[in-house]
Amino acid sequence: MPDQQHPPLLDGLRVLDFSRHVSGPYGTMLLADLGADVIKVESLTGDPQRALSPKLNDLSVLFASLNRNKRSIAVDLRNRQGKTVLRRLAAGADVICHNFRPGVLDAAGLSFEDARTANPAIVYASLTGYGLDGPRRDAPAYDLALQALSGGMSLTGHPGDDPVRAGIPIADLCGGMMASLAITSTLARGNGEAVELDCSLFDTQISLLAYWAGIVLNTREVPGPQASGNSNIVPYGAVRASDGHLVIAPYRQSFWIKLCEAMELTDLLPDPRFVTNDDRIAHRDELDKLLAPEFARRTVSEWLAILEEHDVPCAPVQGVDAALSDPQVAARDMRIRTPRDGVDWEFAGNPIKTRPSRPTPAGPPPLLGEHTDAVLAEAGYPEDEIQRLKEESVVA
């Protein structure tokens with residue numbers, strides 16, 4: 001049966017996106033990937049992310065990686081006429097999303113109340129560092145500070161070493177995902193009423209503590225850095241082979257048995273030090289000393305073949321380049337291409353799939369103000385009025 005193409009999940013949804021840097025742009029890019037018309041509203045100088053290196057054809061790779069499939073309009077947010085433009089655009093939008101500090105968009109004449117006046121059914125998503133209330137409400141917030149403050153950094157790295165942040169900006173990216181989830185959840189309710197969404201990067205990080213929060217709150221045991229492992233599961237983590245590292249994750253007792261069988265160490269199974277996971281936790285160092293020299297006898301590829309044959313959860317520790325070349329990436333359309341001014345851009349793909357449809361081709365990241373004329377025309381501005389706004393530097 002041939003593939004049947006369905007419209008994108010968010011086809012027909014218009015999002016007015018005031019967000020900058022990483023968190024908001026990532027969240028709205030997810031919406032754009034699902035078919036929403038995301039209009040990126042930038043200042044006349046653009047999203048600060050545009051200035052960051054490396055660049056291709058004078059376009060920041062960091063910016064491009066977070067803003068594909070969007071349109072860009074540049075507006076002077078402080079100008080009285082600019083504020084009028086914003087309210088007019090809001091009247092035709094389904095969603096407004098921003099990641100300014102509380103009150104910044106209010107000063108631009110587009111508070112929630114302003115937006116609701118322009119559009120009584122607007123979904124207004126604020127993605128702030130610490131939320132719209134609380135003692136840290138007005139504090140500046142960046143991913144590193146949020147990882148530190150939320151406790152996540154205390155779990156990362158090796159005991160006794162300096163604090164280490166997660167290699168990906170997890171506070172920003174997960175905050176953006178939570179905002180997109182909040183937006184789509186509100187739209188799914190679909191009662192036609194204006195809704196203000198209060199999303200916080202800090203709240204998101206606290207929620208990601210998940211079972212660690214449960215352990216601390218209910219047992220008062222405070223965990224330390226986990227390295228590549230987990231203090232509540234043994235063995236679990238990275239091991240050194242003769243030519244590199246792999247990870248093993250025998251999370252359940254059945255996998256522990258399979259690991260011992262794969263390594264030809266079945267004599268460990270009746271050993272009273274290692275019978276249960278609790279036993280293994282109590283004798284972690286002894287078990288590590290027994291397993292380490294065995295893993296060192298073979299290469300990573302040899303161990304992967306043996307462990308996979310025995311159905312033991314395992315994986316090589318790949319660099320980003322190797323990960324993006326993994327055959328599973330191609331099979332899942334997780335590496336996409338889109339042309340832009342002679343450059344064949346490549347990005348990580350959209351993780352949300354529908355069946356039987358396949359992803360539609362990705363649109364390129366926008367140049368600053370590339371779609372100003374088109375967006376204003378769609379809002380009902382005549383050509384001469386658009387030209388006047390440009391000449392007066394209200395838009396660009």
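Computed from a prediction, not measured in an experiment: that's the story for all the values here.

A. How the structure looks around helix α1 (residues 23-33). Within α1, 11 of the 11 residues are buried, which leaves the element mostly enclosed by the surrounding structure. Taken residue by residue, α1 has Ser23, Gly24, Pro25, Tyr26, Gly27, Thr28, Met29, Leu30, Leu31, Ala32 and Asp33 as its buried positions.

B. Representation of the pattern of salt bridges. With the rule as written, the count across this model stands at 22 salt bridges. Residue Asp47 pairs with Lys40 through a salt bridge whose shortest N-O separation is 3.0 Å. The exposure class of Asp47 is buried, given its relative accessible area of 2%. Since its relative accessible area comes to 0%, Lys40 is described here as buried. Between Lys390 and Asp373 there is a salt bridge whose closest N-O contact spans 2.5 Å. With Lys390 in helix α17 (residues 383-391) and Asp373 in helix α16 (residues 372-378), this pair connects stretches of sequence that are 17 residues apart. In this structure Asp373 comes out as partly exposed when scored by relative accessible area, which is 39%. Shared partners join several salt bridges into a network, and the residues in it are Arg14, Asp37, Arg71 and Glu378.

C. Layout of the nonpolar core. The biggest cluster of nonpolar side chains holds 29 residues, and the ones touching the most others in it are Leu16, Phe18 and Ile96. Only β2 (37-42), α3 (80-91), α5 (112-118), α16 and α17 provide two or more residues apiece to this core. Among the elements that line this core, the one with the most residues is α3, at four residues. Not counting the four nearest positions on each side in its chain, Phe18 is found in contact with Val41, Leu77, Leu86, Ile96, Cys97, His98, Asn99, Phe100, Leu105 and Leu110. In this structure, Ala36, Val38, Leu146 and Val195 belong to the second largest nonpolar core, which totals 23 residues.

D. Representation of the packing of aromatic side chains in the model. Evaluation of the coordinates by the stated rule reveals six aromatic pairs. Taken together, a centroid distance of 5.8 Å and an interplanar angle of 65° make the contact between Phe112 and Tyr124 edge-to-face. Pair noted here: Phe112 is in helix α5 and Tyr124 is in strand β7 (residues 123-128), with a separation of 12 residues, a long-range link. The same class applies to Phe112 and to Tyr124, which are both buried. Relative to Trp303, the ring of Phe295 lies with its centre 5.0 Å away and its plane at 55°, an arrangement referred to as tilted. When its relative accessible area of 1% is taken as the criterion, Phe295 is described as buried.

E. Spatial organisation of the environment of Leu181. Locating Leu181 in the fold gives a position in helix α7 (residues 170-189). In the structure, Leu181 is positioned 150 residues away from Leu31 in sequence and 9.5 Å away in space, judged by C-alpha atoms.

F. The arrangement of the sheet that holds strand β9 (residues 237-240) in detail. Strands sit in the order β9-β10-β11 across an open sheet of three strands; the sheet is antiparallel. Only two strands of the sheet have a single neighbouring strand rather than two, namely β9 and β11 (314-316). Averaged over all pairs of adjacent strands, the angle between strand axes in this sheet comes to 30°, irrespective of strand direction. Bridging between β9 and strand β10 (residues 245-248) involves four bridges; their strand directions are antiparallel.

G. Focus on unusual backbone geometry. Going from Ser53 to Pro54, the amide bond is cis rather than trans, its omega being 5°. Mapped onto the secondary structure, Pro54 falls in the loop between β2 and β3 (55-56). Of note, the amide linkage connecting Val234 to Pro235 takes the cis form, showing an omega dihedral of -5°. Tracing the backbone shows Pro235 in the loop between α9 (210-219) and β9. Positive phi is not limited to glycine here, since Asp341 has a value of about 50°.

H. Highlighting the packing of α1 against α7. Across the interface, α1 lies against α7 with an axial gap of 7 Å and an inter-helix angle of 45°. Here α1 is positioned oblique relative to α7, judged by the angle of their axes. Both α1 and α7 take part in a crossing whose hand is right-handed. Taking contact as the criterion, the partners of Ser23, Tyr26, Gly27, Leu30 and Leu31 in α1 are, on α7, Asp172, Leu173, Gly176, Met177, Ser180, Ile183 and Thr184. By residue class, the composition of the contact of α1 with α7 is six nonpolar, five polar and one charged.

Conventions we followed
- Residues numbered from 1 in each chain as written.
- Predicted model: local features only at pLDDT ≥ 70, side-chain atom pairs only at ≥ 80, totals over all residues.
- Heavy atoms only, no water.
- Buried < 20%, exposed > 50% of the residue type's maximum accessible area, 1.4 Å probe, protein only.
- Helix = DSSP H or I, 4+ residues; strand = E, 2+ residues; numbered from the N terminus.
- Salt bridge = Lys/Arg side-chain N within 4 Å of Asp/Glu carboxyl O.
- Core = buried A, V, L, I, M, F, W, Y, C linked by side-chain atoms within 4.5 Å.
- Contact = heavy atoms within 4.5 Å.
- Phe/Tyr/Trp six-rings, centres within 6.5 Å; stacked < 30°, edge-to-face > 60°.
- Pairing = 2+ DSSP bridges.
- Axes fitted to C-alpha atoms, helices over the stretch in contact; angles between N-to-C directions.
- Parallel < 35°, antiparallel > 145°, perpendicular 65-115°, else oblique.
- Left-handed = near helix turned anticlockwise from the far one by under 90°.
- Nonpolar A, V, L, I, M, F, W, Y, C, P; charged D, E, K, R; others polar.

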